[in-house]
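Analysis of the macromolecular model
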Amino acid sequence: QKEVEQNSGPLSVPEGAIASLNCTYSDRVSQSFFWYRQYSGKSPELIMSIYSNGDKEDGRFTAQLNKASQYVSLLIRDSQPSDSATYLCAVVPQGAQKLVFGQGTRLTINP
Amino acid sequence: KAGVTQTPRYLIKTRGQQVTLSCSPISGHRSVSWYQQTPGQGLQFLFEYFSETQRNKGNFPGRFSGRQFSNSRSEMNVSTLELGDSALYLCASSYGTGGQNTEAFFGQGTRLTVV
């Protein structure tokens, strides 16, 4: 079992709709969770961090964390073509000073 | 506030050579991590340094090494390059340990091509 798993996609969503990205992780005691966006040919950009159960909203983005079920998700409301990118879920395992990444989900927003 | 700076941006090396990559973290950040990104393996953790000490190391051969200086700048070295070392090498910096201090910000990366 991979430490962090994401559906690789591609995920295609019409402009203006909600894009939903999911991620599961294996280390039950992980404490820190992040979503990065990576455009083709660019480096990952941190867009959301979440540390406790529940929802965290920032503009059009909402991160959701459920530690009991070991999943974290990212919702993008009012999706725009500029949101088309690969979204990477990253987890910091307990006691480890590193990010463990999923393979990423490629998201395409169709105008 | 300046971001994470990596140099050089692009490198072409021949098999068997060695290479040194440099990373300057965000001012005030004391943790620097290195990652290798390839299409097949995704983002793989190489090592992490905090206050000049390596705290974590990934599953890479000993040809991959790194260090951190007192000003938090870091270098990584790859010796005896192999074709499979061709990748995007990314450096990330953060404040350090625990919670929000683990938020990591990436540099633009160094694209290494081994021929």
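In the block above lies the structure referred to throughout.
The notes below deal with the structure included here. Note that residues are indexed from 1 along each chain, following the sequence as it is written. Numbering of ligands from 1 and lettering of chains from A proceed in the order in which they are written. Note on the predicted model: pLDDT of at least 70 is required for a residue's local features to be given, and 80 or more for side-chain atom pairs to be given and counted; whole-chain, interface and lining totals, by contrast, use all residues. Water and hydrogen atoms were dropped before computing side-chain values, which therefore reflect all heavy atoms in the structure.

This next bit is on the sheet that holds strand E3 (residues 19–24) of chain B. Residue and element names in this part refer to chain B. The sheet built from four strands is open, its strands ordered E1-E3-E8-E7 with antiparallel pairing. Lying at the two open borders of the sheet, with one neighbouring strand each, are strand E1 (5–7) and strand E7 (64–68). Each strand axis lies, on average, 15 degrees off the axis of its neighbour in the sheet, ignoring direction. Two strands are counted as paired when DSSP detects at least two bridges linking them. Secondary structure elements are taken from DSSP: a helix is a run of H or I of four residues or more, a strand is a run of E of two residues or more, and numbering for both begins at the N terminus. Here five bridges tie E3 to strand E8 (residues 74–78), and the two strands are oriented antiparallel to one another. Within E8, the position partnered with Ser22 by the bridge is Glu75. For every element, the axis is a line fit to its C-alpha atoms; helices are fit only across the contacting stretch, and the angle between N-to-C directions ranges from 0 to 180 degrees.

The next subject is the state of the cysteines. Residues and elements named next belong to chain B. The rule for a disulfide is simple: a pair of cysteine sulfur atoms within 2.5 Å. Tallied over the full model, the rule gives two disulfides over all chains. Disulfide pairing places Cys23 opposite Cys91 at an S-S distance of 1.7 Å. Taking the sign of the S-S torsion, -55 degrees for the link of Cys23 and Cys91, the bridge is left-handed. With Cys23 in strand E3 and Cys91 in strand E9 (residues 87–94), this residue pair connects regions lying 68 residues apart in the sequence. Think of it in three bands: with a 1.4 Å probe and only protein chains considered, a residue is buried below 20% of the maximum accessible area for its type, exposed above 50%, and partly exposed in between. Residue Cys91 is classed as buried on the basis of its relative accessible area, which comes to 0%.

Here the focus is the side chain of B:Ser93. All names here are of chain B. Tracing the sequence through the fold places Ser93 in strand E9. Exposure remark for Ser93: the relative accessible area of 0% places this residue in the buried category. Contacts were defined at the residue level, with two residues in contact if any of their heavy atoms lie within 4.5 Å. The contacts of Ser93, once residues within four sequence positions are left out, are Val4, Pro25, Ile26, His29, Ser31, Glu103, Ala104 and Phe105.

Before going further, it helps to spend a moment on the sheet that holds strand E7 (residues 61–66) of chain A. Residue and element names in this part refer to chain A. Judged by pairing direction, the sheet is antiparallel, and its five strands sit side by side in the order E1-E3-E8-E7-E6 without closing on themselves. Either end of the sheet is taken by a strand with one partner, and the two such strands are strand E1 (4–6) and strand E6 (54–58). Going across the sheet, the axis of each strand differs from the next one's by a mean of 20 degrees, ignoring polarity. In terms of strand pairing, E1 meets strand E3 (residues 19–25) through three bridges, oriented antiparallel. Bridging across to E3, Glu5 finds its partner in Thr24.

Let's shift gears to the pattern of salt bridges. Residue and element names in this part refer to chain B. The term salt bridge refers to a pairing of a side-chain nitrogen on Lys or Arg with a carboxyl oxygen on Asp or Glu at a separation within 4 Å. Summed over the entire model, instances satisfying the criterion amount to eight salt bridges over all chains. In this structure, Arg63 engages Asp85 in a salt bridge whose closest nitrogen and oxygen atoms are separated by 2.8 Å. Note that Arg63 is positioned in the loop between strand E6 (53–57) and E7 and Asp85 in the loop between E8 and E9, a separation of 22 residues in sequence. Exposure class is identical for Arg63 and Asp85. Each is buried. Among the ionic contacts, a cluster of salt bridges with common partners joins Arg63, Glu82 and Asp85.

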